[in-house]
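Descriptive analysis of the structure
If you want the building blocks of each chain, they are given just below.
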Amino acid sequence: MDRRTISILGGTGHEGSGLGLRWAKAGHNIIIGSRAAEKAEAAALELNALLGLSTVCGMDNLSAAKAGEIVVLTVPPEAQIATLESVKPALAGKILVDATARVDAKDPKPPQGKASARMAQELLGDGVRVVAAFQNVPAHALKKLDRELASDVLVCGDDPDARAEVARLAEAAGMQAYEAGGLDNGIVVEGLTALIISVNKRYKSKTGGIRISGIR
Ligand SMILES: NC(=O)c1ccc[n+]([C@@H]2O[C@H](COP(=O)([O-])OP(=O)(O)OC[C@H]3O[C@@H](n4cnc5c(N)ncnc54)[C@H](OP(=O)(O)O)[C@@H]3O)[C@@H](O)[C@H]2O)c1
């Protein structure tokens with residue numbers, strides 16, 4: 001696919017830096033977003049050093065949201081809505097990829113109510129195309145560049161073009177992606193995260209994921 005500029009809000013953390021690493025390796029321009037620009041710049045330097053590149057840069061979350069063609073949200077669930085409110089005007093006309101899984105890793109249970117990404121869509125309005133993805137992909141697996149990424153991505157969204165674009169991005173990062181219906185299906189994907197965390201705990205793993213069978 002063409003080179004994209006992808007901004008990752010909360011990209012200093014586990015999941016966001018793992019996605020940034022994979023996309024930078026695949027040739028995309030990556031902007032790491034943070035509440036603190038200096039923290040984002042330091043995280044960007046680390047990713048560039050790991051890959052021997054200079055295509056990753058760091059900015060505060062609002063500047064990152066303005067500068068990105070596609071914006072990915074990887075902040076803790078309790079910070080999801082406040083972070084989106086703080087960048088809302090910068091997202092108009094863009095795809096917002098929401099990786100939020102409202103699951104407590106210490107006591108994993110399926111979340112109740114609406115999908116996180118549905119809540120994001122309601123907040124952002126029709127001018128932003130929200131897509132839910134990556135909620136099942138363990139950060140530890142993203143960072144192991146020398147190992148096969150055995151974790152498929154279920155991509156949910158109400159806009160078929162945006163969904164397909166995010167599926168291509170997941171494939172570019174080394175994962176098998178499956179378009180999995182509308183945004184409301186995101187609640188099931190978040191629930192699967194609770195299962196995956198439970199399985200990883202039981203088998204003392206940090207990289208276990210899910211695979212779809214029978215299609216490819
Ligand atoms: N970890 C995983 O394996 C995994 C897998 C799938 C999905 N997810 C989802 O990805 C999201 C991020 O998970 P994570 O494990 O990467 O989280 P994390 O490392 O704990 O946090 C990510 C970043 O969010 C920012 N942040 C923390 N508290 C915040 C607050 N109160 N307000 C605004 N920003 C805040 C921080 O960046 P700054 O301090 O730089 O602002 C932090 O580096 C979650 O929604 C999670 O459900 C995680």
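Here the structure is a predicted model, which means the values were calculated and not measured.

1. Section: the packing of helix 4 (residues 80-87) against helix 5 (residues 116-124)
It is at 10 Å that the axes of helix 4 and helix 5 come closest, and there the two elements cross at 30°. Taken together, the axis directions place helix 4 and helix 5 in an arrangement best described as roughly parallel. Every pair of crossing elements has a handedness; the one defined by helix 4 and helix 5 is right-handed. On helix 5, the residues that touch Gln80, Ile81, Leu84 and Glu85 of helix 4 are Ser116, Ala117, Met119, Ala120, Leu123 and Leu124. Looking at the contact of helix 4 with helix 5 residue by residue, the class counts come to seven nonpolar, two polar and one charged.

2. Looking at the layout of surface pockets
Its boundaries defined by the atoms lining it, the largest pocket holds a volume of some 1,100 Å³. In this structure, the largest pocket is lined by 37 residues; those nearest its centre are His14, Glu15, Pro77, Ala105 and Ala139. It is helix 8 (residues 186-202) that provides the largest number of residues to the lining of the largest pocket, a total of five residues. Among the residues forming the lining of the largest pocket, the class breakdown is 15 nonpolar, 17 polar and five charged. Estimates place the volume of the second largest pocket at around 160 Å³. Forming the boundary of the second largest pocket are Thr12, Ser17, Gly18, Leu21, Ala43, Glu46, Leu47, Leu50 and Lys143. Element by element, the count of residues in the lining of the second largest pocket is highest for helix 2 (residues 37-51), at four residues. Here the lining of the second largest pocket is built from residues that sort into four nonpolar, three polar and two charged.

3. Section: the site of the ligand
Thr12, Glu15, Ser34, Lys39 and Val75 are the nearest of the 22 residues found near the ligand. Take threonine 12: an N or O atom from its side chain is 2.6 Å from an oxygen atom of the ligand. Glutamate 15 has a polar backbone atom sitting 2.8 Å from an oxygen atom of the ligand. Look at the ligand: alone it shows 880 Å² of surface, and the protein chains cover 75% of it. The cavity that encloses the ligand is the largest pocket. Partitioned by chemical class, the residues of the shell around the ligand number 10 nonpolar, nine polar and three charged.

4. Some thoughts on the nonpolar core
By size, the foremost hydrophobic cluster in this structure holds 35 residues, and its most contacted members are Trp23, Phe134, Val153 and Met175. Core analysis: the second largest hydrophobic core is formed by 25 residues, Leu9, Ile31, Ala132 and Ile210 among them.

5. Comments concerning the packing of aromatic side chains
Counted under the stated rule, the structure contains one aromatic pair. Taking 5.6 Å as the distance between ring centres and 80° as the angle between the ring planes, the aromatic pair formed by tryptophan 23 and phenylalanine 134 counts as edge-to-face. Separated by 111 residues along the polypeptide, tryptophan 23 in helix 1 (residues 14-25) and phenylalanine 134 in the loop between strand 6 (129-132) and helix 6 (139-143) bring together distant segments of the chain. Residue classification places tryptophan 23 among the buried positions, given a relative accessible area of 0%. Judged by its relative accessible area of 1%, phenylalanine 134 is buried. Positioned above the aromatic ring of tyrosine 203, the side-chain terminus of arginine 202 is 4.6 Å from the ring centre.

6. Quick notes on helix 7 (residues 160-172)
An α-helix turns once per 3.6 residues; consequently, residues spaced three or four apart project the same way. Taking 1.5 Å per residue as the helical rise, helix 7 with its 13 residues ought to reach 18 Å, and the 18 Å between its terminal C-alpha atoms agrees with that figure. Among the residues of helix 7, those classed as buried are Ala162, Arg163, Ala164, Glu165, Val166, Ala167, Leu169 and Ala170. Downstream of helix 7 by a residue or two, glycine 174 has a phi angle that is positive, lying close to 100°.

About the criteria used
Residues numbered from 1 in each chain as written. Predicted model: local features only at pLDDT ≥ 70, side-chain atom pairs only at ≥ 80, totals over all residues. Heavy atoms only, no water. Axes fitted to C-alpha atoms, helices over the stretch in contact; angles between N-to-C directions. Helix = DSSP H or I, 4+ residues; strand = E, 2+ residues; numbered from the N terminus. Parallel < 35°, antiparallel > 145°, perpendicular 65-115°, else oblique. Left-handed = near helix turned anticlockwise from the far one by under 90°. Contact = heavy atoms within 4.5 Å. Nonpolar A, V, L, I, M, F, W, Y, C, P; charged D, E, K, R; others polar. 1 Å grid on protein atoms, 1.4 Å probe; cavity = no way out; pocket = protein on both sides within 12 Å on 5 of 7 lines; lining within 4 Å. Points joined across faces, edges and corners; volume = space filled by probe spheres on them. Near = heavy atom within 4 Å. Polar contact = N/O pair within 3.5 Å; in protein donor to acceptor, adjacent residues only side chain to side chain. Areas by Shrake-Rupley, 256 points an atom, 1.4 Å probe, with all protein chains shown as cover. Sits in = over half its atoms within 2 Å of the grid points. Core = buried A, V, L, I, M, F, W, Y, C linked by side-chain atoms within 4.5 Å. Buried < 20%, exposed > 50% of the residue type's maximum accessible area, 1.4 Å probe, protein only. Phe/Tyr/Trp six-rings, centres within 6.5 Å; stacked < 30°, edge-to-face > 60°. Lys NZ or Arg CZ within 6 Å of the ring centre and 35° of its normal. Expected span 1.5 Å × (residues − 1).

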